[in-house]
Amino acid sequence: MKVLFAVSECVPFIKSGGLADVAGSLPKELKKLGTDVRVILPKYGLIPDKFRSEMKKVKEFTVQLGWRSQYCGIEALEHDGVTFYFVDNEYYFKRDSLYGHYDDGERFSFFSRAVLEFVAESEFYPDVIHCHDWHTGMIPFLLRTEYYKRPGYGLIRSVFTIHNLQFQGIFPREVLGDLLQIDSSYFNEEQLEFYGMANFMKAALISADHITTVSPTYKDEIQTEYFGENLDGILRKRREDLSGILNGIDHVAYDPEKDPGLAASFGVWGLERRVINKLQVQRSFGLPVNDDVPVVAMITRLTKQKGLDLVREVFHEIMATGLQLIVLGTGDPEFEQFFREMAAQYPDQCGVYIGFDENLAHQVYAGSDLFLMPSKFEPCGLSQMIAMRYGSIPVVRETGGLNDTVQPYNEFNGQGNGFTFANFNAHDMLFTIERGLSFYHKREKWLKLMAKAMETDYSWAQSARQYNDLYSDLISRSESHVF
Ligand code: ADP
């Protein structure tokens, strides 16, 4: 089986969130199952030189965007046995950030067409193009309405994975006509129109052969109005073609026994060594160094999605419990400012680093006692799984993938691997943090709980098999999805 992943970010080259982790780790697992997976992504100027210098140019062609012929170079490198292709056009991708530019609609229209043109140029005709999030949403649509007529494209099936339904790629309708040259008859409520605008995510949801999302609970949630981001109607219509496959984490990249960035490596059988990491992290964040004080961590994009309103609402009560809070994140200026202020107000209890730092993240996972993730919604969430792997016990709201990965701790029979609450309510969260803290000094129970969390299997093996089965099933069908 041949599968082409089209994605806008991918570890270890470029990352802004969990999407990159998935694109970097799932292909390796699929390879183990014998599937020939290759990955194509933009060649951002932000990709570190050590990777750029390894890339070899394999193709050069032009991509037509409206009346413009745009240069498109394809460069390739192999990493961990997987071939990665990079779409090169400096005008579009040599910028100081990945997203949020005035011409994102044009940039990812270009990327989408580049991916589809590349198929014929490279003669790598995949059985399945697996697209991820809105950046690649136009690919299934263009495949079904235009490219299928070309030799070699007719049998290609498409899978679209929703990593986060909140980001849809909504642009003025001119992007469809002027740039992508899509017939205006498709611009209607049933198809590409979304409240007078063009919506890339919607294009994929109507046209992909199959849609997946990254956890079973989120699959159910997005079919409701509350979580559906105005696309729940379409998702309900396509429920037969919609499945939830839980993300995994890369057990090699996230391995406390072998992680070179830690002050002390440790495993379930060396948990006493973990404290060395804790003391190191307290030092790094300028907090009093003391193992008796529980450290609660957050490593996150600082956005409303992550439940930061709840943290802000009861912040002083959280501090009154005596814990230390460590925050590593970037995002909305209002939250960045809030946490900076709190760090100034509680210098002995609140340590904040505003920035994105992969190494520091590993140290915080390994050095914190509890990991807080009170998300308003959470398609899957990788951070809680990484935290558990490093023995940091999650405190989460029961939504999306958090609901599928964290089972509430039962002190009587020792079942469960974290602490959970159901309602999006600041005091429910506070109560759950307090409950978690109450076990911290019950050393024996706590050690068992850590071991339980660390032993939970969040590797990709099972989910990769589900994707593989899905690809096989799609290939065996005689017809593509008709819309
Ligand atoms: P999302 O994709 O919604 O941001 P996930 O929990 O799925 O959330 O994935 C977040 C990933 O990004 C995790 O690997 C986490 O460790 C990482 N991460 C988030 N913020 C930072 C940061 N400021 N520095 C380093 N890593 C971060």
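Residues numbered from 1 in each chain as written. Predicted model: local features only at pLDDT ≥ 70, side-chain atom pairs only at ≥ 80, totals over all residues.

### Let's talk about the packing of helix α1 (residues 18-32) against helix α19 (residues 461-476)
When two helices pack together, their arrangement is given by the angle between the helix axes and the distance between those axes. Between α1 and α19, the least distance of the axes is 9 Å, while the angle of their chain directions is 75°. With respect to α19, the axis of α1 lies roughly perpendicular. Here Leu26, Glu29 and Leu30 of α1 lie close against α19, whose contacting residues are Ala461, Ala464, Tyr467 and Asn468. (Axes fitted to C-alpha atoms, helices over the stretch in contact; angles between N-to-C directions. Helix = DSSP H or I, 4+ residues; strand = E, 2+ residues; numbered from the N terminus. Parallel < 35°, antiparallel > 145°, perpendicular 65-115°, else oblique. Contact = placed C-beta atoms within 7 Å.)

### Some words on the site of the ligand
For the ligand, the set of nearby residues contains 19 residues, the closest of which are Gly17, Gly18, Ala361, Leu382 and Ser383. Elements that contribute at least two residues to the shell around the ligand include exactly α1, β13 (295-302), β14 (324-331), α14 (358-367) and α15 (383-389). The residue inventory of the shell around the ligand, partitioned by class, reads 8 nonpolar, 7 polar and 4 charged. Looking at the shell around the ligand, you find at least three residues from each of domain 1 (2-248 + 461-476) and domain 2 (268-455). (Near = placed C-beta within 6 Å. Nonpolar A, V, L, I, M, F, W, Y, C, P; charged D, E, K, R; others polar. Domains from an automatic or database assignment.)

### Digging into unusual backbone geometry
Residue Val11 is joined to Pro12 through a cis peptide bond whose omega torsion reads 10°. Not every positive phi belongs to a glycine, and Asp80 is a case in point at roughly 50°. Within the secondary structure, Asp80 sits in the loop between β4 (68-79) and β5 (82-88). Note on Asp80: 14 C-beta atoms within 10 Å, which makes it partly exposed. Residue Asp133 is not a glycine yet carries a positive backbone phi of 60°. As for its position among the elements, Asp133 is in the loop between β6 (128-132) and α5 (138-145). Classification of Asp133 by C-beta neighbours within 10 Å gives buried; the count is 25. (Buried ≥ 20, exposed ≤ 12 C-beta atoms within 10 Å, placed from the backbone.)

### Quick notes on the sheet that holds strand β17 (residues 393-397)
The sheet built from 6 strands is open, its strands ordered β15-β14-β13-β16-β17-β18 with parallel pairing. Because the sheet does not close on itself, it has two edges, and the strands there are β15 (350-354) and β18 (419-421). Taken over all neighbouring pairs, the strand axes of this sheet differ in orientation by 15° on average, direction set aside. Two elements, β14 and β15, share 5 bridges in a ladder whose sense is parallel. Across the sheet, residue Val327 finds its bridge partner in β15, namely Val352. Packed on one face of the sheet, helix α13 (residues 333-345) meets β13, β14 and β15 and runs near 145° to β15. (Pairing = 2+ DSSP bridges.)

### Some details on the packing of α5 against helix α7 (residues 200-207)
With their axes 7 Å apart at the nearest point, α5 and α7 run at an angle of 50° to one another. Classified by the interaxial angle, the pair formed by α5 and α7 is oblique. At the point where α5 passes α7, the crossing takes the left-handed sense. Where α5 approaches α7, its residues Met138, Pro140, Phe141 and Arg144 are matched on the opposing element by Phe200, Ala203, Ala204 and Ser207. Split by residue class, the contact of α5 with α7 holds 6 nonpolar, 1 polar and 1 charged. (Left-handed = near helix turned anticlockwise from the far one by under 90°.)

### Section: the nonpolar core
Residues Phe5, Ala6, Ala23, Val39, Ile40, Ile139 and Ile326 are the most contacted members of the largest nonpolar core, which totals 140 residues. Sort the elements by how many residues they give to this core and helix α4 (residues 104-122) lands first, with 8 residues. When residues of this core are assigned to domains, at least three map to each of domain 1 (2-248 + 461-476) and domain 2 (268-455). (Core = buried A, V, L, I, M, F, W, Y, C linked by C-beta atoms within 7 Å.)

### A few points about the pairing of β5
Counting buried residues in β5 gives 5 out of 7 residues, a clear majority hidden from the surface. In the sheet, strand β2 (residues 36-42) pairs with β5 via 5 bridges, with the strands oriented parallel. Bridge assignment links Arg38 to a residue of β5, and that residue is Thr83. Where β4 meets β5, 7 bridges bridge the pair, whose relative direction is antiparallel. Following the sheet pairing, Glu78 is matched in β5 by Thr83. Hairpin connection from β4 to β5: 2 residues lie between these consecutive antiparallel strands, with Asp80 at a positive phi of about 50°.

### A word on the domain arrangement of the protein chain
For the protein chain, the domain assignment lists domain 1 (2-248 + 461-476) and domain 2 (268-455). Residue-level contacts link 17 residues of domain 1 with 10 residues of domain 2. Looking at side-chain class alone, the side of domain 1 that touches domain 2 contains 6 nonpolar, 9 polar and 2 charged residues.

### Observations regarding the confidence of the model for the protein chain
Scored by pLDDT, the protein chain comes out at a mean of 97, with 100% of its residues at no less than 70. The ipTM for the predicted assembly is 0.99, set against a pTM of 0.95. (pLDDT = per-residue confidence, 0-100.)

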